[in-house]
Amino acid sequence: MLLMLAAAVPRPAAADTTTDPAPLSSAAGTARAEDIFVTARKVEEKLQDVPLAVTHRDADQLRDAVLTEVEDLQRTAPSLYIRPASGQGTALVLQMRGQTQFDTLGTLDPSVAVYQDQLYLARPFGTNLSFVDVEQVQVLRGPQGTLFGRNTTGGAILLNTRDPELNGWSGSLRSSVGSDETFGTSGVLNLPLLRDTWALRVVGQRTRSDGYAVDTINSQALGDKDDTLLRIKSLWQPHRAFSLLLTHEHIDIDRLNGPAELAFAAQPRFVDADGDGTPETPIDGIGRLVVANASQGMDSIDNYLGDPYRAQNNPGLDLASTARVRLWSATASLDRDWGRIQIILGRRDADDIANTVDFDSTPYPVIGTTFEADYRQHSAELQLTGELVRLQWAAGVHAFDEEAVEATGGQAAGGGNITDFAGDAEADSVGIYAQGSYPLRPALNLTLGLRHSADRKSLVSRNRVGTAQTGLRCAVPGVLEGAPCERRFSNQSNRLNYLVGLDYRLDDDWLIYSTLTTGYRSGGQNLRGLSEATYQPFEPEDVTQLEVGAKAEFLDRRLRANLALYRSEGKDVQRSILLRVNGFTSTYTGNIAEVLIHGGELELDYRPWPNLALGAVVGIVRPEYESYVDLNGIDRSDEEFAGIPETQVALSAAHTQPFARLDWRNSLNWSWQDRVYNSQANIRDFAPNEQAAAERALTQSALGLLNARSALDFRNGFELAVWGRNLTDEIYATGGLGFNGLGIAVRFPQPDRQVGVEVGYRF
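Enquirer: What is the right way to look at the pattern of salt bridges in this model?
Expert: Here the idea is simple: oppositely charged side chains can pair when their charged atoms come close. Enumeration over the complete set of coordinates arrives at 61 salt bridges. Linking arginine 206 and aspartate 226 is a salt bridge whose minimum nitrogen-to-oxygen distance equals 2.8 Å. You can see arginine 206 sitting in strand β13 (residues 198-209) and its partner aspartate 226 sitting in strand β16 (residues 225-239), a full 20 residues away along the chain. Residues joined in a network through salt bridges with shared partners are Asp64, Arg174, Arg665, Arg709, Asp713, Glu719, Glu758 and Arg762.

What follows is the structure, given as structure tokens:
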């Protein structure tokens, strides 16, 4: 769980009309917390009136806490854990309340959905850029089965960027320099083209960095960045009851992947394959043998163990990680006496996705992969909200389709094992939903919600395997010899999900609530199958959650406390595991687990006096497998849950000291998590005396990270700030893989201490 001190003065989104966030001291001279407005139930409501677990952060809070990217939200929202996809610089893996998806393949749906301005982002590529011109972020925890575009089991993250302002010119410029030759610049320009009727908002950003690690063989700076973003939004409001918002966003990401640290290497094990009494066939520690053989005994894999920021990759290997993302959306809103009609249309293309990883970080071909993909998604939503005879309601229809072309090439053991996973995937989804809240008594409300989801998935697979000596052969079962190496697979799924909730307001300062919610993650296809068994489609995953909570304010609204306790059951849980199939490594996803999760979350916001804000957030997740039997019939129910810290804590403090002509703002933010087991891979095939060492190598010990920012706001638009991330210079890793046949374990180190200076001007 996450404990965090919420550090800033919240204010209604509707009241924020500045181009750049207003300073903390701009709030009224009172220590009382101001109302926060969220849209967790499709309509604007006060956070303290919403009977759901929701975390809200505005632009001030994010900047003061030095939370610059989507990945950083785990430092401020309970029960949320985010990490880069294994070895990839352009994609994220999100986990919330123990619900997670480990891979980013186009055949898998996420357990945590990301929405940008109400548009569902199906793929995580391009979602981890900076919070440039973001108005607010809302983190909704728990199954989102009845209101949002795609059904999810863990939660949803809502990113709301600033809309154009109709009534005046405004803008901002901001530049930052920091460690590792980091340079970032951004600009915002708000253009009222036709006063009170039509305006444009143009946002641009460029970020460059020389990286935080080095590949000494190829003289490459690993973890470097060269990212650009351009966003143009047009708002046309010819009548106060009607508006049309058009958005185009253009993102280019050019990076080199961060380092892959070789954390463990097993000793070779041999078996007597020919029965002559002499073990001669290696079954483990093959990575060690590859290095010894390739160097003719002049080198050892031990020379490459345990150096997090120094890699020695294969000569001539370019560890590029790129993505080109284009987004178009149109939102038409019409207000009527009974409520609002909205139509939301969107398209998002993620092209030129390319990624190369040298997992072993040695100059020898132990194991590496390449990944290429293109994605196209379209979505349309009709959304109706309103109030009728005290019934607050929302209803709608959401349609989504996606096409994905993916290819993953892998080479292991010096070319003795080559895989080429290639396929075209398609997905279609339709959801129909309705939810309403009705007061049974003046202080007691009943909420009921229903959603029917229908999903259809298909895959055309062209997988091949082979060796450097024999070349590649078709590995798709059922394909006749001499026929084209491809086969089509398809499946369908549908669910009726529900929400039942009661909330009771004890008085103006106390709300207690209870909800019973279900959610589902659709089934799909196995893109990396190598046999009939590993090609079998997986079925939907279902989650049922019971949550009780309380929202309260004390000390004349100077202290705000929100508490949530939950119990969730997961049936037919999807798990992705690495398997050896006919001597080749395959990733298989199946409904192979039943899960029970208990947890709790506490968020505190305390303002002892007007210019000081303190906060605390605590998140606790206690997951356990009720059953977990993999494709080989092995009981794995005693295994660790990968990628889930059971306890998270974050504390923060923000203080503003006003002077005659400026405000001096200072903030500290410390986040802590207990140990995290980084790998979802099976290490049971390691030698028994080496399994414990491999597991330690794949486990990140308890970790605390400290951020700080100090800014001078001159009240004439200028701001000068210094900032620091990971100020205690912790060395840590997120994500990891255990390659049991090769006998190695790798993890992915993250940046060390980062400091910088920022200059901004708003007009």
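Alright, that's what it looks like, and here's the rest.
Enquirer: What is the right way to look at the pairing of strand β24 (residues 367-388) in this model?
Expert: Consecutive side chains of a regular strand alternate in pointing toward one face of the sheet and then the other. Alignment of strand β23 (residues 339-358) against β24, held across 18 bridges, turns out to be antiparallel. Opposite isoleucine 344, over in β24, you have glutamate 381 as the bridge partner. In this sheet, strand β25 (residues 391-412) lies alongside β24 in antiparallel orientation, the contact comprising 22 bridges. Of the residues in β25, the one forming a bridge with arginine 376 is glutamate 403. Adjacent in sequence and paired antiparallel, β24 and β25 are bridged by two residues, among which valine 389 carries a positive phi angle near 50°.

Enquirer: Looking at this structure, I do not really get the sheet that holds strand β5 (residues 92-96). What am I missing?
Expert: Whenever strands of a sheet pair, they do so through backbone hydrogen bonds, lying parallel or antiparallel. Taken in spatial order, the three strands line up as β4-β5-β6 in an open sheet, and their pairing is antiparallel. Strands with a single pairing partner mark the edges of an open sheet, and in this sheet they are β4 (80-84) and β6 (99-100). Relative to β6, β5 runs antiparallel, the two being bridged by two bridges. Bridge pairing links methionine 96 to glutamine 99 in β6.

Enquirer: Could you clarify how one ought to interpret the nonpolar core in this entry?
Expert: What tends to happen in soluble globular proteins is that the nonpolar side chains get buried as a cluster. The biggest cluster of nonpolar side chains holds 25 residues, and the ones touching the most others in it are Phe125, Leu229, Ile251, Ile353, Phe371 and Tyr375. Among the elements of the structure, β17 (242-256), β22 (320-336), β23 and β24 are those that each provide at least two residues to this core. Per-element tally for this core: the top contributor is β24, with three residues. Not counting the four nearest positions on each side in its chain, phenylalanine 371 is found in contact with Leu105, Phe125, Ile353, Ala354, Asn355, Glu406, Ala407, Thr408 and Arg528. Judged by nonpolar contacts, the second largest core, of 22 residues, contains Leu80, Leu121, Phe131 and Val137.

Basis of the calculations
Residues numbered from 1 in each chain as written. Predicted model: local features only at pLDDT ≥ 70, side-chain atom pairs only at ≥ 80, totals over all residues. Heavy atoms only, no water. Salt bridge = Lys/Arg side-chain N within 4 Å of Asp/Glu carboxyl O. Helix = DSSP H or I, 4+ residues; strand = E, 2+ residues; numbered from the N terminus. Pairing = 2+ DSSP bridges. Core = buried A, V, L, I, M, F, W, Y, C linked by side-chain atoms within 4.5 Å. Buried < 20%, exposed > 50% of the residue type's maximum accessible area, 1.4 Å probe, protein only. Contact = heavy atoms within 4.5 Å.

Everything listed here is a matter of coordinates, which is why it stays silent on function.
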